[in-house]
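# Working through the structure, step by step
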Amino acid sequence: MNPNVFDDSRITAVGLLFEVHAGLSARFAAQMEEHGLSPVEFEVLTRLTRSPDNQLRMTDLAAQTSLSTSGVTRVVDRMERDGLIVRRACASDRRSSFAVVTPAGLRRLDECLPGHLQLIEDWFTGQLDPPALNALLDGLRQVRDAVHPCATAGSGDPATGPENAKSTDC
């Protein structure tokens with residue numbers, strides 16, 4: 001095998017992405033733990049609060065995260081026991097339910113968020129000048145949409161409400 005085969009910008013790009021992800025994830029996990037949240041619980045709360053009416057269908061929440069539908073069910077069960085979210089039946093589809101952030105969930109996220117944003121600023125966005133950050137965000141969205149087209153499932157137009165948000169075949 002040619003030893004230069006690994007001197008390829010594609011391998012370098014993915015390697016750098018993995019290294020950045022690992023470094024940021026370790027910092028984020030430690031900070032979230034200080035607030036009694038796992039990284040997946042923080043992601044669930046963040047996805048819900050960034051959605052119309054602080055809620056998503058369970059299937060859309062699974063599509064937006066790296067969790068299976070059964071994985072989302074387990075996380076939601078645990079977070080519901082902790083009082084961070086509740087389930088609400090979907091009026092238009094009895095087979096479906098929404099995960100909804102509770103006031104306690106919002107408080108926990110509010111407590112965690114300042115430190116999280118500081119870590120993002122210190123170790124990610126603050127490392128780049130505005131044009132470089134905008135180019136990175138554009139590129140990440142393009143790749144995300146190609147590899148995970150359901151990442152925004154159920155986020156819909158806030159004016160129409162989640163009942164009218166279009167679920168895809170995700």
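Residues numbered from 1 in each chain as written. Predicted model: local features only at pLDDT ≥ 70, side-chain atom pairs only at ≥ 80, totals over all residues. Heavy atoms only, no water.

## Topic: the overall build of the protein
A tally of helices and strands in the protein yields 6 helices and 3 strands. Going from the N terminus to the C terminus, the protein shows its helices and strands as α-α-β-α-α-β-β-α-α. Relative to all contacts within the protein whose residues are 6 or more apart in sequence, the contacts with residues 24 or more apart total 57%. If you sum the accessible surface of the protein, you get close to 10,700 Å²; carbon and sulfur atoms cover 57% of it. (Helix = DSSP H or I, 4+ residues; strand = E, 2+ residues; numbered from the N terminus. Contact = heavy atoms within 4.5 Å. Areas by Shrake-Rupley, 256 points an atom, 1.4 Å probe, with all protein chains shown as cover.)

## A closer look at the nonpolar core
Membership of the largest hydrophobic core comes to 23 residues, with the highest contact counts inside it found for L45, L48, L61 and I85. Mapped by element, the contributors of at least two residues to this core are α1 (9–33), α2 (39–49), α3 (58–64), α4 (69–81), β3 (97–101) and α5 (103–123). Residues contacting L48, with those up to four places away along its chain left out, are N54, Q55, L56, L61, I85, A99 and V101. (Core = buried A, V, L, I, M, F, W, Y, C linked by side-chain atoms within 4.5 Å. Buried < 20%, exposed > 50% of the residue type's maximum accessible area, 1.4 Å probe, protein only.)

## Quick notes on the layout of surface pockets
Here the largest pocket is characterised by a volume of approximately 2,300 Å³. Taken together, 43 residues line the largest pocket, and the ones lying closest to its centre are E43, R47, F124, L140 and R144. Elements with a minimum of two residues in the lining of the largest pocket: α1, α2, α5 and α6 (130–147). A breakdown of the residues in the lining of the largest pocket according to their chemical character gives 23 nonpolar, 15 polar and 5 charged. (1 Å grid on protein atoms, 1.4 Å probe; cavity = no way out; pocket = protein on both sides within 12 Å on 5 of 7 lines; lining within 4 Å. Points joined across faces, edges and corners; volume = space filled by probe spheres on them. Nonpolar A, V, L, I, M, F, W, Y, C, P; charged D, E, K, R; others polar.)

## What about the environment of S66?
Its place among the elements puts S66 in the loop between α3 and α4. Taking the C-alpha atoms as reference, S66 lies 9.9 Å from E43; in sequence the two are 23 residues apart.

## Let's talk about the sheet that holds strand β2 (residues 85–89)
Strand pairing in a sheet is mediated by backbone hydrogen bonds. Such pairs are either parallel or antiparallel. Spatial ordering of the open sheet is given by β1-β3-β2, a layout of 3 strands whose pairing is antiparallel. Of all the strands in the sheet, the pair left with one neighbour each is β1 (55–57) and β2. Taken pair by pair, the neighbouring strands of this sheet meet at an average axis angle of 25 degrees, ignoring direction. Here β1 pairs with β3 via 3 bridges, running antiparallel. Across the sheet, the residue bridging to Q55 is V100, located in β3. (Pairing = 2+ DSSP bridges. Axes fitted to C-alpha atoms, helices over the stretch in contact; angles between N-to-C directions.)

## Structural notes on the packing of aromatic side chains
Counted under the stated rule, the structure contains 0 aromatic pairs. Above the ring of W123, the side-chain terminus of R27 is found at 3.8 Å from the ring centroid. (Phe/Tyr/Trp six-rings, centres within 6.5 Å; stacked < 30°, edge-to-face > 60°. Lys NZ or Arg CZ within 6 Å of the ring centre and 35° of its normal.)

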